[in-house]
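Structural description and commentary
Below are the chains, spelled out letter by letter.
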Amino acid sequence: MSEVLVVVDHVDGAIRKPTFELLTLARRLGEASAVFFGSSDKGAEAATKLGQLGAEKVYVVDDTEIKGYLVAPKAEALAQLVEKTSPAAVLFVSGYEGKEVAARLAIKTGSGIITDAVDVEEGGVVTQAAFAGNYTVKGKVTKGVPLITVKPNSAPVEEVGAAGTVEEFAATISDAAKKAQIVAQQPRKASGRPELTEAAIVVSGGRGTGGNFEPVEGLADALGAAVGASRAAVDSGWMPHTFQVGQTGKVVSPQLYVANGISGAIQHRAGMQTSKTIVAVNKDEEAPIFELVDFGVVGDLHSVLPAATEEINKRKG
Ligand code: FAD
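Residues numbered from 1 in each chain as written. Predicted model: local features only at pLDDT ≥ 70, side-chain atom pairs only at ≥ 80, totals over all residues. Heavy atoms only, no water.

Rules: UniProt positions are given in the numbering used here, feature names are shortened, and annotations may be inferred rather than shown by experiment.
Under an unreviewed UniProt entry, the name given to the chain is Electron transfer flavoprotein subunit alpha/FixB family protein, and the organism recorded is Nocardioides deserti. The UniProt entry for the chain carries this comment under Function (unreviewed entry): "The electron transfer flavoprotein serves as a specific electron acceptor for other dehydrogenases. It transfers the electrons to the main respiratory chain via ETF-ubiquinone oxidoreductase (ETF dehydrogenase)." A UniProt comment under Cofactor (unreviewed entry) is attached to the chain, and it reads "FAD".

What follows is the structure, given as structure tokens:
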């Protein structure tokens, strides 16, 4: 059975959940092998978790010559690993970095690429959200090594095995790949909430909040959810742009999306309509958001959300 490489998305060894989802998808295509950029120690630690969740092998690529630069060295190292292993496919998390590394790897290896996949089936058929999530398209890469970037929340995490075996891989990084250097890095302020694009539940607020996001944040915290916002809320200065969901914000695909005081403009839909279950609270029963919801509540969010939050907290005990 051929290997399928899964590029591990992690921050200082803390692996993000979408990587584990990729392992589930990779096992449909062959034997899952994870690729971990980092130190040997961190790689060995990561191999325990990655193995439990499906990686037979973990390639640890020493990142001494990689971490100080933007994406080019990663793509170069992966090209060398692809040449060595001839994998059946390479899977990435569909974020800014995953997409850029995948695109560079496609050029280097002369391979086809599918981005923003929401499912990968046995045989390599990939379902992709296209045209801002208005269509889903099934496709298959027929040239080179299939490179697939997958949106978070596209597959379950499955506990399957024991620790993956670790294999160190030494890549040679060229000077040309080191032209864009990272000069400063600032960690995002920790909110205690899950990352917006990875969260299983997103609770968003729009202009209808009138600038008071407390009910939205209260419900989000009761559900263990991330907070999102419409552009109207961001443009009003109520929330930072990092919270914006939509065409010019983040694209999310959670199990549950709760839109509060959001009308449902096409540009907002572009960022959330592949969510598995959509709920909206809006005081206007004619609001376009109700065209795409699974459950809708016609009412004032300032009374509906606190009541829902109270009930959820009560049931949690
Ligand atoms: P509104 O459209 O004003 O809707 C507010 C809603 O709140 C209404 O439906 C109202 O009935 C309801 N409401 C009011 N008070 C209450 C209450 N007390 N309780 C319950 N409901 C209440 N938008 C995005 O969101 N993301 C994007 O990425 C994005 N990109 C864009 C890119 C371009 C190029 C353009 C032109 C626009 C973009 N927009 C984007 C803007 C988009 O077109 C809409 O203007 C925006 O989404 C509207 O935000 P909203 O739904 O919060 O506000």
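**As for the overall build of the chain**
Put simply, the rule reads: Helix numbers and strand numbers start at the N terminus; a helix is a DSSP run of H or I with at least 4 residues, a strand a run of E with at least 2. Here the radius of gyration uses the C-alpha set of atoms, whereas the globule reference equals 2.2 Å times the residue count to the power 0.38. Classification of residues uses two cut-offs on accessible area relative to the type maximum, computed with a 1.4 Å probe and protein chains only: under 20% is buried, over 50% is exposed, and between them is partly exposed. Here, two residues are considered to be in contact whenever any of their heavy atoms come within 4.5 Å of each other.
Across its full length, the chain holds 8 helices and 16 strands. Taking 317 residues into account, the globule formula puts the C-alpha radius of gyration at 20 Å, and the chain, at 21 Å, falls close to it. When its C-alpha atoms are laid out on the principal axes, the chain stretches across 60 × 40 × 40 Å. Relative to its 317 residues, the chain shows a buried fraction of 49%. Nonlocal contacts in the chain, meaning residues at least 24 apart in sequence, comprise 65% of its contacts between residues at least 6 apart.

**Observations concerning unusual backbone geometry**
The phi torsion at D116 lies on the positive side, around 55°, for a residue other than glycine. Considering the arrangement of structural elements, one finds D116 in strand β7 (residues 113-120). Phi at N153 takes a positive value of approximately 70°, unusual for a residue other than glycine. Relative to the elements of secondary structure, N153 occurs in the loop between β10 (147-150) and β11 (165-169).

**Things to note about helix α2 (residues 40-52)**
The test is simple: Helix span is expected to be 1.5 Å times the residue number reduced by one. Bend, at a single residue, is the angle you get between axes fitted to the 7 residues ending at that residue and the 7 residues starting at it.
Between its first and last C-alpha, α2 extends 19 Å over 13 residues, near the 18 Å set by a 1.5 Å rise per residue. At A46, α2 shows its maximal bend, which comes to roughly 25°. Each element contacted by the buried residues of α2 is listed here: β3 (14-15), α1 (17-29), β4 (31-37), β5 (57-61) and β11.

**A closer look at the site of the ligand**
Selection criterion: The cutoff for a nearby residue is simple: one of its non-hydrogen atoms must lie within 4 Å of the molecule or strand. Polar contact is defined as a pair of N or O atoms within 3.5 Å, subject to the rule that within protein one atom must be able to donate a hydrogen and the other to accept it, and that residues adjacent in sequence are counted only when both atoms are side-chain atoms. Here the term charged refers only to Asp, Glu, Lys and Arg, the term nonpolar to Ala, Val, Leu, Ile, Met, Phe, Trp, Tyr, Cys and Pro, and the term polar to all other amino acids, Gly among them.
Among the 25 residues in the neighbourhood of the ligand, the closest are listed as R207, S230, T248, S263 and N282. Separating an oxygen atom of the ligand from a side-chain N or O atom of R207 is a distance of 2.6 Å. Contacts to the ligand include R231, whose backbone N or O atom sits 2.9 Å from an oxygen atom. Elements represented by at least two residues in the shell around the ligand include exactly α6 (231-235), α7 (266-269) and α8 (301-316). Here the shell around the ligand is composed, by residue class, of 5 nonpolar, 15 polar and 5 charged.

**Thoughts on a nonpolar patch on the surface**
Basically, it comes down to this: Each patch groups residues whose relative accessible area exceeds 30% and which form no salt bridge, using 9 Å between like charges and 5 Å between nonpolar side chains of Val, Leu, Ile, Met, Phe, Trp and Tyr. Each accessible area is a Shrake-Rupley estimate made with a 1.4 Å probe; only the visible protein chains count as cover when residues are assessed. By definition, a salt bridge exists where a carboxyl oxygen of Asp or Glu is found within 4 Å of a side-chain nitrogen of Lys or Arg.
Side chains of F131, Y135 and V137 sit close together on the surface and give an oily, nonpolar patch of about 360 Å² of accessible area. In this fold, F131 is placed in the loop between β8 (126-130) and β9 (135-139). Assessed through its relative accessible area of 65%, F131 is described here as exposed.

**Some remarks on the packing of aromatic side chains**
To be explicit about the condition: Side-chain rings of Phe, Tyr and Trp, where Trp is taken by its six-membered ring, are said to pair if the distance between their centres is within 6.5 Å; with planes under 30 degrees apart they count as stacked, over 60 as edge-to-face, and otherwise as tilted. Here, over-ring charges are defined by two tests on the NZ atom of lysine or the CZ atom of arginine: distance to the ring centre within 6 Å, and angle to the ring normal within 35 degrees.
Tallied over the full model, the rule gives 0 aromatic pairs. The lysine or arginine in question, K49, covers the ring of F20, its NZ or CZ lying 5.9 Å from the ring centre.

**Description of the packing of helix α5 (residues 214-223) against α8**
Where we set the bar: For helices, the fitted line uses only the C-alpha atoms of the stretch in contact; every axis is such a line through C-alpha atoms, and the angle between N-to-C directions lies from 0 to 180 degrees. Orientation labels follow simple angle bins: below 35 degrees gives roughly parallel, above 145 gives roughly antiparallel, 65 to 115 gives roughly perpendicular, and whatever is left gives oblique. Should the near helix be turned anticlockwise from the far one by less than a right angle, the crossing is termed left-handed; should it be turned clockwise, right-handed.
Close contact between α5 and α8 brings their axes to 9 Å; oriented N to C, the two are set at 20°. Between α5 and α8, the angle is such that the two are roughly parallel. For the pair α5 and α8, the crossing hand works out as left-handed. Contacts between α5 and α8 involve P215, V216, G218, L219, D221, A222 and L223 on the former and, on the latter, L301, H302, L305, P306, A308, T309, I312, N313 and K316. For the contact of α5 with α8, a count of residues per class yields 10 nonpolar, 4 polar and 2 charged.

**A short note on the nonpolar core**
We apply this condition: Buried Ala, Val, Leu, Ile, Met, Phe, Trp, Tyr and Cys residues that are joined via side-chain atoms within 4.5 Å together make up what is termed a nonpolar core.
Counting residues in each nonpolar core, the largest one holds 31 residues, and the members touching the most others are L23, L50, V58, L91, V120, I148 and V150. At the level of secondary structure, the elements contributing two or more residues to this core comprise β1 (3-7), α1, β4, α2, β5, β6 (89-93), β7 and β10. Here the element with the most residues in this core is α1; it accounts for 6 residues. Not counting residues up to four positions away in its chain, the partners in contact with V120 are L25, R28, L29, V125, V126, I148 and V150. In this structure, V35, F37, V82 and A106 belong to the second largest nonpolar core, which totals 26 residues.

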